[in-house]
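# Chain and residue survey
For reference, the chains in residue letters:
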Number of protein chains: 2
Amino acid sequence: MNLKELSLRIGLSQTTVSRALNGYPEVNEATRRRVLEAAKQYNYSPNTRAKSLATGQALAIGHVIPMSTKHEMVNPVFGDFIAGAGETYSRNGFDMVLSIVPDRDEESVYREFKAKGNVDGLIVHGPRMNDSRIDLLNEIGLPFVVHGRASGQTLPYSWLDVNNTSAFKRATEFLLDLGHRNIALINGLETMDFAYRRRKGFERAMAERGVATNPSFMRSDEMTEVYGYQTAQEMLRSENAPTAFLVASLISALGIRRAIQDAGLVMGRDVSVVTHDDMLSYLSNGDSVPVFTAARSSVRDAGALCAQMLIDIINSPNENPKSRLLEAELTVGASTGPAPNRG
Amino acid sequence: MNLKELSLRIGLSQTTVSRALNGYPEVNEATRRRVLEAAKQYNYSPNTRAKSLATGQALAIGHVIPMSTKHEMVNPVFGDFIAGAGETYSRNGFDMVLSIVPDRDEESVYREFKAKGNVDGLIVHGPRMNDSRIDLLNEIGLPFVVHGRASGQTLPYSWLDVNNTSAFKRATEFLLDLGHRNIALINGLETMDFAYRRRKGFERAMAERGVATNPSFMRSDEMTEVYGYQTAQEMLRSENAPTAFLVASLISALGIRRAIQDAGLVMGRDVSVVTHDDMLSYLSNGDSVPVFTAARSSVRDAGALCAQMLIDIINSPNENPKSRLLEAELTVGASTGPAPNRG
DNA sequence: GCCATCATTCAAAGCGCTTTGGTTCCGATT
DNA sequence: AATCGGAACCAAAGCGCTTTGAATGATGGC
């Protein structure tokens, strides 16, 4: 069923039917009702391709998922982010189109998105430091919102981010308050902007209290369970092992807990752990009582907010870039306790 | 840059340019080269919307992600599946469009996909038993491939699935061979077809060896870490605790391992664990030595294969439904050992 | 009763592409 | 020389929608 057929059956012109359906004022209310009725009856939905060809709007938003060619890892955060964004899109009549792209091809994909005209804007995932994509998108002229930020970027752009620096600063302070001085930082890949900021927060808190950081207890890698396990195991075996771990991901924190238990130690008594928690739906941090003391911030909510920002930008272009900084919430769980007295 | 402009600059008609770009034979090779050259020079990519309006092909494939309204959980498997599928799509010039849909709205979404014409086909995720979506899609006439199967479905349809029954049967036999008799099954939600099949495999192996199953040691729920932890904890505390756990997900297995350790037991010695492993990129099961004995099957590969199947179906319709059954591979890790002798 | 006004409706152009049904040109056939 | 056929190209229609510009009645003021 297309517009032509529908209008034929109703006995009206395509123009009027189209206007009735799209809520234009110059159509009689009685007529509009008739049209809406018929549309429902015949199960009519306008063809998106035709519609967007006519309007110049794609009614779709792109997500480019960079796929590192080296470490073939899909960001585990991604599913939840998409879920949050997707709901917002549906509510606003947008489709979501996904591109999985080997990171070296990224530039051409963005250009193609513009040329092919199949999205009205896009969300930039996983910003790196001095991320070149931001300049590129500005040059291309495609509206976008960055999930995260790109340190070193001078031109203004729209973004939504968790305040990683303050979250990790506060988490560090929490450990320092408990008496911990020998704190390990198990960070994400520091090519990623968020990881850089988290380290900054950690270092700032340590510096402010005059506590030295130990470079051999600061690691940076992809945040798997095994990474957490191996790193923690190694550190716990070392001379002068850390009494506390500050971790960038709940998944790695699981590995750290395992290493602690393997070493015959008790988490929360012998060794403390504070982690960042993206509140992934399949990885809840305990039920009523949180297992880990954590800086929490819902990635899913972030997805919904990013989507809304982008839609606003698309609907009213020429405005200045917007940004939004979310604060993570520190929730105290069973994984932290006072620093043990070392003989 | 659009076709009109491009052909004007080259000094050819739109027809010829279009044909040159699309590889039609009735164009002089020298001309074709000239056209391709110019296209590259001006960075021309045809507008997808126009192209698909003209051809009737959407050049896109839909993924409907059902979002349970009760348990707001995003299937953790999803990211990896998408990654696999996405690569195949790009290679074939297809876009991937995602819809996050509250499960009660699913039917209307499928109908809309057809009416709006923005996809050429779709992948059905998370099939349930007697899943009504299959009949619906057949009725609507939209090509589709199911990732998994729907027991109770009589009409033929295309699917790709892991042989869950045989995987769990074999895993159970492995435990039985080790002398275990008291085996717990920590299953996924049994409204899901895969979970039903896994239980069947478990029960069948037990029955064949004449070992009774214990209903209070067979659980079914969403596969979170906490679910594994709590369930295992409870079972381990009970009279006559199981000596082995058969688990449907590596994530829940992590929780089970935690419960085992909390109980002061050693996994692989006091209690054995075999898990299904979807080989998610961020949850690798150990590095060289697998941590868990596991039935492994890459969800990412499944995504790539599903995508290819669907593209084949789209390209040559009217053929009979195709299907593909993958066998999971049983890899022995450190989490299993002979059944302990109980005093 | 007449013309301006307004509320409704419509025909047709246009979005950027593919594709049908030519047309043109040139060498080969008779 | 007239005709044919094939290679190479082109004009224009059509995909299903929106939107411009115009038409049609009905209404109301004078």
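Residues numbered from 1 in each chain as written. Chains lettered and ligands numbered in written order. Predicted model: local features only at pLDDT ≥ 70, side-chain atom pairs only at ≥ 80, totals over all residues. Heavy atoms only, no water.

## Examining the overall build of chain A
Short version of the rule: A run of DSSP states H or I qualifies as a helix once it reaches four residues; a run of E qualifies as a strand once it reaches two. Both are numbered from the N-terminal end. Here's how the labels work: a residue is buried when its accessible area is under 20% of the maximum for its type, exposed when over 50%, partly exposed in between, all with a 1.4 Å probe on protein chains only. In what follows, residue pairs with any heavy atoms lying within 4.5 Å of each other are defined as contacts. Surface exposure here means Shrake-Rupley accessible area, sampled with a 1.4 Å probe, where a residue is shielded only by the protein chains that are shown. Positive charge is attributed to Lys and Arg, negative charge to Asp and Glu, and no charge count is given to His or to the chain ends. Note that the charge is assigned to NZ on lysines, CZ on arginines, CG on aspartates and CD on glutamates.
Tallying secondary structure elements over chain A gives 12 helices and 12 strands in all. Within chain A, buried positions represent 57% of all 343 residues. Taking as baseline every contact in chain A between residues at least 6 positions apart, the subset at least 24 positions apart corresponds to 68%. Element-wise, carbon and sulfur atoms account for 48% of the exposed surface of chain A, whose accessible area totals about 14600 Å². The distance from the centre of the 37 positive side-chain charges to the centre of the 39 negative ones in chain A is 4 Å.

## Re the nonpolar core
Put simply, the rule is: Working definition of a nonpolar core: buried Ala, Val, Leu, Ile, Met, Phe, Trp, Tyr and Cys residues. They are joined through side-chain atoms within 4.5 Å.
Counting 109 residues, the largest nonpolar core has Phe245 of chain A together with Phe245 of chain B as the members making the most contacts within it. Beyond its immediate chain neighbours, meaning those up to four positions away, Phe245 of chain B contacts Leu175, Ala184, Ile186, Ala232, Met235, Leu236, Ile256, Val271, Ser272, Val273 and Val274 of chain B.

## Section: the relation of the copies chain A and chain B
Quick note on the threshold: Least-squares fitting of one copy onto the other uses the C-alpha atoms of those residues that reach a pLDDT of at least 70 in both copies.
Note on the identical chains: chain A maps onto chain B by a rotation of 180° and an axial translation of 0.0 Å, with an RMSD of 0.1 Å. In short, the pair behaves as if placed about a two-fold rotation axis. Every residue of chain A has its C-alpha some distance from the rotation axis, and the shortest such distance is that of Val97 of chain A, at 2.2 Å. Both copies contact each other with a shared surface, as 100% of the interface residues of chain A are interface residues in chain B too.

## Quick look at the protein's contact with DNA strand C
Basically, it comes down to this: The cutoff for a nearby residue is simple: one of its non-hydrogen atoms must lie within 4 Å of the molecule or strand. Counted as a polar contact is a pair of N or O atoms within 3.5 Å, where, for protein atoms, one must be capable of donating a hydrogen and the other of accepting one, and residues adjacent in sequence contribute only when both atoms are in side chains.
Around DNA strand C sit 27 residues, and of these Thr15 of chain A together with Leu3, Ser18, Arg19 and Tyr24 of chain B come closest. Here DNA strand C approaches the protein such that, of its atoms within 4 Å, sugar and phosphate make up 62%. Note that a phosphate oxygen of DNA strand C is positioned 2.5 Å from one of the side-chain N or O atoms of Ser18 of chain B. Between DNA strand C and Tyr44 of chain B there is a distance of 2.9 Å, counted from a phosphate oxygen to a side-chain nitrogen or oxygen. Residue assignment for the surface near DNA strand C shows that the elements contributing at least two residues are helix 2 (14-21) and helix 4 (48-55) of chain A together with helix 2 (14-21) and helix 4 (48-55) of chain B.

## Examining the protein's contact with DNA strand D
What surrounds DNA strand D is a group of 26 residues, the closest being Leu3, Ser18, Arg19 and Tyr24 of chain A together with Thr15 of chain B. Within 4 Å of the protein, the atoms of DNA strand D are drawn from sugar and phosphate moieties in a proportion of 61%. One of the side-chain nitrogen or oxygen atoms of Ser18 of chain A is found 2.5 Å away from a phosphate oxygen of DNA strand D. Here Ala54 of chain B contributes a backbone N or O atom positioned 3.5 Å from a base oxygen of DNA strand D.

## Description of helix 6 (residues 106-116) of chain B
Three- or four-residue spacings in an α-helix give side chains the same orientation, since the helix completes a turn every 3.6 residues. Just so we agree on the cut-off: Our arc is simply the arc of the directions from the helix axis toward the C-beta atoms.
If you check which residues of helix 6 of chain B are buried, you get Glu106, Val109, Tyr110, Phe113 and Lys116 of chain B. Taken down its axis, helix 6 of chain B places every buried residue within 140° of arc, on the same side. The inward-facing, buried residues of helix 6 of chain B contact helix 4 and strand 2 (95-102) of chain A together with strand 1 (60-67), strand 2 (95-102), strand 3 (121-124) and helix 7 (132-140) of chain B. Looking one or two places after helix 6 of chain B, you find Gly117 of chain B, whose phi comes out positive at around 65°.

## Some points on the sheet that holds strand 9 (residues 272-277) of chain B
Residue and element names in this part refer to chain B. For clarity, the threshold we go by: One requirement defines pairing of two strands: DSSP has to find at least two bridges between them. Only C-alpha atoms enter the line fits that serve as axes; for helices the fit covers just the stretch in contact. Angles between N-to-C directions range over 0 to 180 degrees.
An order of 7-6-8-9-10-12 is seen for the 6 strands of this open sheet, with the pairing classed as mixed. Looking at which strands have only one partner, the edges of the open sheet turn out to be strand 7 (218-220) and strand 12 (329-331). Recorded for the sheet is a direction-independent mean angle of 15° between the axes of neighbouring strands. The pairing of strand 10 (residues 293-296) with strand 12 spans 3 bridges and is classified as antiparallel. What sits directly across from Arg296, in strand 12, is Glu329. The sheet strands contacting helix 10 (residues 225-237) are strand 6 (183-187), strand 7 and strand 8 (244-247), and the helix crosses strand 7 at an angle near 160°.

## Concerning the packing of helix 5 (residues 78-91) of chain B against helix 12 (residues 299-315) of chain B
In a packed pair of helices, the relevant descriptors are the angle between the two axes and the axis-to-axis distance. Residues and elements named next belong to chain B. Note the following rule: Our angle categories are set so that under 35 degrees counts as roughly parallel, over 145 as roughly antiparallel, 65 to 115 as roughly perpendicular, and the remainder as oblique. Crossing handedness follows the turn of the near helix against the far one: under a right angle anticlockwise gives a left-handed crossing, and clockwise gives a right-handed one. All residues other than Ala, Val, Leu, Ile, Met, Phe, Trp, Tyr, Cys, Pro, Asp, Glu, Lys and Arg, Gly among them, are scored as polar; the first ten of these are nonpolar and the last four charged.
Two elements in contact, helix 5 and helix 12, have axes whose closest approach is 6 Å; the angle formed by their N-to-C orientations is 40°. Judged on the interaxial angle alone, helix 12 and helix 5 are oblique. Of the two possible hands of crossing, helix 5 and helix 12 adopt the one that is right-handed. Between helix 5 and helix 12, the contacting residues are Asp80, Phe81, Ala83, Gly84, Ala85, Glu87, Thr88 and Tyr89 on the first element and Val299, Arg300, Ala302, Gly303, Ala304, Cys306, Ala307, Gln308 and Ile311 on the second. For the contact of helix 5 with helix 12, the class distribution of residues is 10 nonpolar, 4 polar and 3 charged.

## Describing the pattern of salt bridges
All names here are of chain B. Here is the rule we go by: Whenever a carboxyl oxygen of Asp or Glu lies within 4 Å of a side-chain nitrogen of Lys or Arg, that contact is scored as a salt bridge.
Inspection of the entire model under this criterion finds 46 salt bridges over all chains. In this structure, Glu106 engages Arg133 in a salt bridge whose closest nitrogen and oxygen atoms are separated by 3.1 Å. Pair noted here: Glu106 is in helix 6 and Arg133 is in helix 7, with a separation of 27 residues, a long-range link. Classification of Arg133 by relative accessible area gives buried; the value is 2%.

## Some remarks on the pairing of strand 10 (residues 293-296) of chain A
Two elements, strand 9 (residues 272-277) of chain A and strand 10 of chain A, share 4 bridges in a ladder whose sense is parallel. Bridging across to strand 10 of chain A, Thr275 of chain A finds its partner in Ala294 of chain A.

## Concerning the environment of Leu246 of chain B
Residue and element names in this part refer to chain B. Mapped onto the elements of the fold, Leu246 is located in strand 8. The class for Leu246 is buried, based on a relative accessible area of 1%. Taking C-alpha positions, Leu246 is 17 Å from Leu265, a pair spaced 19 residues apart along the chain.

## With respect to the interface of chain A and chain B
The criterion, for reference: Take the accessible area each of two parts loses on contact, using a 1.4 Å probe, and add the two losses: that sum is the buried area.
Contact residues are listed per partner, giving 53 residues for chain A and 53 residues for chain B. For the pair chain A and chain B, the summed buried surface comes to about 4500 Å²; carbon and sulfur atoms form 55% of the total. The largest share of the area that chain A buries against chain B comes from Arg49, Ile100 and Tyr282 of chain A, three residues that together contribute 16% of it. Joining chain A to chain B, the criterion identifies 4 salt bridges.

## Observations regarding the sheet that holds strand 4 (residues 144-147) of chain A
The strand order across the open sheet formed by 12 strands is 11(A)-5(A)-4(A)-3(A)-1(A)-2(A)-2(B)-1(B)-3(B)-4(B)-5(B)-11(B), and the pairing between neighbours is mixed. Looking at strand neighbours, the two that pair on one side only are strand 11 (323-326) of chain A together with strand 11 (323-326) of chain B, the edges of this open sheet. This sheet shows a mean twist of 20° between the axes of neighbouring strands, independent of strand direction. Direction of pairing for strand 1 of chain B relative to strand 3 of chain B: parallel, over a ladder of 4 bridges. What sits directly across from His63 of chain B, in strand 3 of chain B, is Ile123 of chain B. Lying over the sheet, helix 12 of chain B contacts strand 1 (60-67) of chain A together with strand 1, strand 3, strand 4 (144-147), strand 5 (159-162) and strand 11 of chain B, oriented at roughly 160° with respect to strand 4 of chain B.

## Here's the deal with the packing of aromatic side chains
Heads up, the rule is: For Phe, Tyr and Trp, rings pair up if their centres lie within 6.5 Å, where Trp contributes its six-membered ring, and each pair is then called stacked (planes under 30 degrees apart), edge-to-face (over 60) or tilted (otherwise). Look at NZ for Lys and CZ for Arg. If either is within 6 Å of the ring centre and within 35 degrees of the ring normal, a charge sits over the ring.
Under the counting rule described, the total for this entry stands at 1 aromatic pair over all chains. Judged by centre distance (6.3 Å) and plane angle (40°), the ring pair of Tyr282 of chain A and Tyr282 of chain B falls under tilted. Placement of the pair is Tyr282 of chain A in the loop between strand 9 and strand 10 and Tyr282 of chain B in the loop between strand 9 and strand 10, with the two residues belonging to separate chains. When its relative accessible area of 2% is taken as the criterion, Tyr282 of chain B is described as buried. The cationic tip of Arg258 of chain A hangs over the ring face of Tyr229 of chain A; the distance from NZ or CZ to the ring centre is 3.7 Å.

It is worth stressing that arrangement in space is one thing and function is another; only the former is reported here.
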